[in-house]
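# Report on the structure
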Amino acid sequence: MKYVLVTGGVVSGLGKGVTASSIGVLLKACGLRVTSIKIDPYLNTDAGTMSPFEHGEVFVLDDGGEVDLDLGNYERFLDIKLTRDNNITTGKIYQSVIDKERKGDYLGKTVQVVPHITNAIQEWIERVAMIPVDGQEGPADVCVIELGGTIGDIESMPFIEALGQFSYRVGPGNFCLIHVSLVPVINVVGEQKTKPTQHSVRGLRGLGLTPNILACRSSKELDENVKLKLSQFCHVPAENIVTLYDVPNIWHIPLLLRDQKAHESILKGLNLQGIATEPDLHEWTARTKVCDMLHDPVRIAMVGKYTGLSDSYLSVLKALLHASVACRRKLIVEWVAAGDLEEVTAKEAPDAYKAAWDLLKEADGVLVPGGFGDRGVQGKILAAKYARENRVPFLGICLGMQIAVIEFAQSVLGLHDANSTEFDPDTSNPCVIFMPEGSKTHMGGTMRLGSRRTYFKVADCKSAKLYGNASFVDERHRHRYEVNPDMISQFEEAGLSFVGRDESGQRMEIIELLGHPYFVGVQFHPEFKSRPGKPSALFLGLIAASCGQLENFLQNYGQASKLLTNGMSNGKPTAKVYQIGNGVKSCNGSLNGVYSNGNSNGVHF
């Protein structure tokens, strides 16, 4: 097994995850099998209990693991399926060591950070690196490890010590360290400054790790004299210093690495030159060009409560991007804070209220993503009501489906106090209830998590057609509440059809509103399995409906000889389906192929 370690210096948020993913893409293009590990130095056992404002979205894996959002980057870029153990946290390591100590596995020894914690880290990496994640048998050729945080953080010290020992143990021909660092440009003089990177590399070397390659983040390409200066002071060959400068969309990053011969430096460091081939990135290059050329817009109103940080909805954004490119449309995300749609805002902040409703009414489609807590729920209900009454394409995910059910109960069934017991425990019409197997005392890992099967109960529905006329589908879940099965007959008599259910038939998974162009709610999270070349079926339905293409798409499903104008054949994305990018910056205007109204501030490249 060969290992590539990606570390970061100077400041956080430089894009280590995108860099690690792009390195994986480049190595995969060279004919190698790649797996990934993300190390998060926080004490949480997993990301499940952290607020999206704190750490971005919680990404859910097939096995139910609640992990860091960078594992979503890895899965999308490399088209692999990772496990919960591919995300290492300080909490997991310490818990495993303490469990061993309690069982007496250390035979009376004093348990210490060195060697017990550091050994546990190394053993974990070696064990997980051997797990196949690409559907093939046997271990991968290369494991790309990303160390979260920045060099010098006190919480990452045990990992740095362990990785220093690990690099010595596996040998220089099996270990390659890539250090991502910032080279800022001082606007007054326009000069690229190397001192921050020099200090970062000095700190890294002082901790026992020596970088083989420097990946320098900068607003523009590094000047040759700057490279020579970095080479001299950081003891890294000039040909091993690459620039990751600002680009229109991050699909350019693997191409930047290839053009600067980063693969040659990595393969040389890993003694793989005789095994690997020249990188084949023809399809990737074509995707990048298509991403840059999109100009016909599709506007989607994203109605949520975490609109201040785009990373909170990263996978949703990616799924929208995959679908919009399949339909050859430029995605414009209109961020609508759910609370701003509520009547209380009309009194307290009328300008914000008017702006939110204007954005909602100008949108081609409405999406209400998942979430927890009662803040903004009334605004989400109003958004669902607007989409239902005005025949605007709508997709509700998890909580988004539940609020669509609540709104229907209140407005159509006339049950004005209908609600979820999450928001009103005493409601006389509980249309959304707590799941029997859930825990009300412990939060971490107690939800219905991971891949579960949904069976289509109505064959002639939009959802089943979008999934290729499948009889069932496996999607990832993350929820504690579900639609009350005792009220299903009332809803269906009034026109809200529960077309997808679990194997018992009692747990509702997919809703569709009869007679509406596209009004779909799902209890699962389809965004987690969306891929650049394989956009999520339900997101594809939302974008197609928002572009006026859905009926044409569904009518031609199954006719392999007919190529649709939206770049789809046989009702499925053709090989020419492209993803725009994997990160969203927030500012006004276009960033990474995504346009937004500037309400988000998450930055990736």
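Up top you'll find the structure we're talking about.
Residues numbered from 1 in each chain as written. Predicted model: local features only at pLDDT ≥ 70, side-chain atom pairs only at ≥ 80, totals over all residues. Heavy atoms only, no water.

A few words on helix α16 (residues 399–411). Here α16 contains 13 residues, and its C-alpha end-to-end distance of 18 Å stays within 8% of the 18 Å for a straight helix at 1.5 Å per residue. Across the 13 residues of α16, 12 count as buried, placing the element largely inside the fold. (Helix = DSSP H or I, 4+ residues; strand = E, 2+ residues; numbered from the N terminus. Expected span 1.5 Å × (residues − 1). Buried < 20%, exposed > 50% of the residue type's maximum accessible area, 1.4 Å probe, protein only.)

To continue, consider the sheet that holds strand β1 (residues 2–8). Reading across from one edge, β5-β2-β6-β1-β7-β10-β11 is the order of the 7 strands in this open sheet, with parallel pairing throughout. Every other strand in the sheet has two partners, leaving β5 (87–89) and β11 (241–245) as the edge strands with one partner each. Pairwise comparison of adjacent strand axes, ignoring direction, gives a mean angle of 20° for this sheet. Bridging between β1 and strand β6 (residues 142–147) involves 5 bridges; their strand directions are parallel. From the neighbouring strand, Val6 faces β6, where its bridge partner is Glu146. On top of the sheet, helix α3 (residues 70–78) reaches β2 (34–40), β5 and β6; it is set at about 170° to β2, its chief contact. (Pairing = 2+ DSSP bridges. Axes fitted to C-alpha atoms, helices over the stretch in contact; angles between N-to-C directions. Contact = heavy atoms within 4.5 Å.)

The next subject is the pattern of salt bridges. Under the criterion given, the structure shown has 30 salt bridges. One salt bridge in this structure joins Arg33 and Asp134, with 2.8 Å as the shortest N-O distance. Taken together, the residues Arg33 in the loop between α1 (16–29) and β2 and Asp134 in the loop between α5 (113–129) and β6 connect sequence positions 101 residues apart. We classify Asp134 as partly exposed; its relative accessible area is 25%. (Salt bridge = Lys/Arg side-chain N within 4 Å of Asp/Glu carboxyl O.)

With that out of the way, let us pick up the environment of Ser181. By the element assignment, Ser181 lies in strand β7 (residues 175–182). Under the relative-accessibility criterion, Ser181 is labelled buried at 1%. Those residues in contact with Ser181, other than ones at most four positions away along the chain, are Gly9, Val10, Leu14, Thr197, Ser200, Ala215, Cys216 and Arg217. For Ser181, the side chain forms a polar contact with the side chain of Thr197, separated by 2.8 Å. (Polar contact = N/O pair within 3.5 Å; in protein donor to acceptor, adjacent residues only side chain to side chain.)

It is worth spelling out the sheet that holds strand β17 (residues 430–434) at this point. One open sheet accounts for 3 strands, arranged β16-β17-β20; its pairing is mixed. Edge positions in the open sheet fall to β16 (419–420) and β20 (481–483), since each of these has one partner strand only. Judged from the 2 bridges that link them, β16 and β17 form a sheet pairing that is parallel. From the neighbouring strand, Ser420 faces β17, where its bridge partner is Val432. Strands in contact with α16 are β16, β17 and β20; relative to β17, the strand with the most contacts, it is inclined by about 150°.

Turning to the packing of aromatic side chains, a few remarks are in order. All told, the structure shown has 15 aromatic pairs when counted by the stated rule. An angle of 50° between the planes, with centres 3.6 Å apart, marks the rings of Trp251 and Trp284 as tilted. Of this pair, Trp251 sits in the loop between β11 and α9 (252–259) while Trp284 is found in helix α11 (residues 282–293), placing the two residues 33 residues apart along the sequence. Like Trp284, Trp251 is buried. Taking the centre distance of 4.5 Å and the plane angle of 15° together, the rings of Phe394 and Phe519 count as stacked. Placement of the pair is Phe394 in strand β15 (residues 394–397) and Phe519 in strand β23 (residues 519–522), with a sequence separation of 125 residues. A relative accessible area of 4% places Phe519 in the buried class. Within the aromatic cluster, the residues linked to one another by ring pairs are Tyr3, Phe166 and Phe175. When the ring centre of Trp124 is taken as origin, the NZ or CZ atom of Arg127, which lies over that ring, is 5.0 Å away. (Phe/Tyr/Trp six-rings, centres within 6.5 Å; stacked < 30°, edge-to-face > 60°. Lys NZ or Arg CZ within 6 Å of the ring centre and 35° of its normal.)

Before going further, it helps to examine the state of the cysteines. One covalent bond between the sulfur atoms of two cysteine residues makes up a disulfide. Inspection of the entire model under this criterion finds 0 disulfides. Cysteine Cys216 remains unbridged, with the sulfur of Cys234 as its closest cysteine sulfur at 7.8 Å. Looking at Cys216, the relative accessible area reads 0%, which means it is buried. (Disulfide = S-S within 2.5 Å.)

Moving on to a nonpolar patch on the surface. On the surface, Ile186, Val188 and Val189 cluster together to form a nonpolar patch covering roughly 310 Å² of accessible area. Mapped onto the elements of the fold, Val188 is located in the loop between β8 (185–186) and β9 (191–192). For Val188, a relative accessible area of 79% translates into the label exposed. (Patch = residues over 30% accessible without salt bridge, like charges linked within 9 Å, V, L, I, M, F, W, Y side chains within 5 Å. Areas by Shrake-Rupley, 256 points an atom, 1.4 Å probe, with all protein chains shown as cover.)

The next thing to look at is unusual backbone geometry. Cis geometry marks the peptide bond from Val114 to Pro115, where omega comes out at 15°. Along the chain, the position of Pro115 falls in helix α5. Phi is positive for Lys261, which is not a glycine, with a value near 60°. If you trace the backbone, Lys261 turns up in the loop between α9 and α10 (262–269). Of note, the phi angle at Asn271 is positive, near 55°, even though the residue is not glycine. Along the polypeptide, Asn271 turns up in the loop between α10 and α11. Looking at Asn271, the relative accessible area reads 54%, which means it is exposed.

A few words on the side chain of Ser200. Here Ser200 is to be found in helix α7 (residues 195–206). The class for Ser200 is buried, based on a relative accessible area of 8%. Other than its neighbours up to four places away in sequence, Ser200 contacts Gly9, Val10, Ile151, His179 and Ser181.

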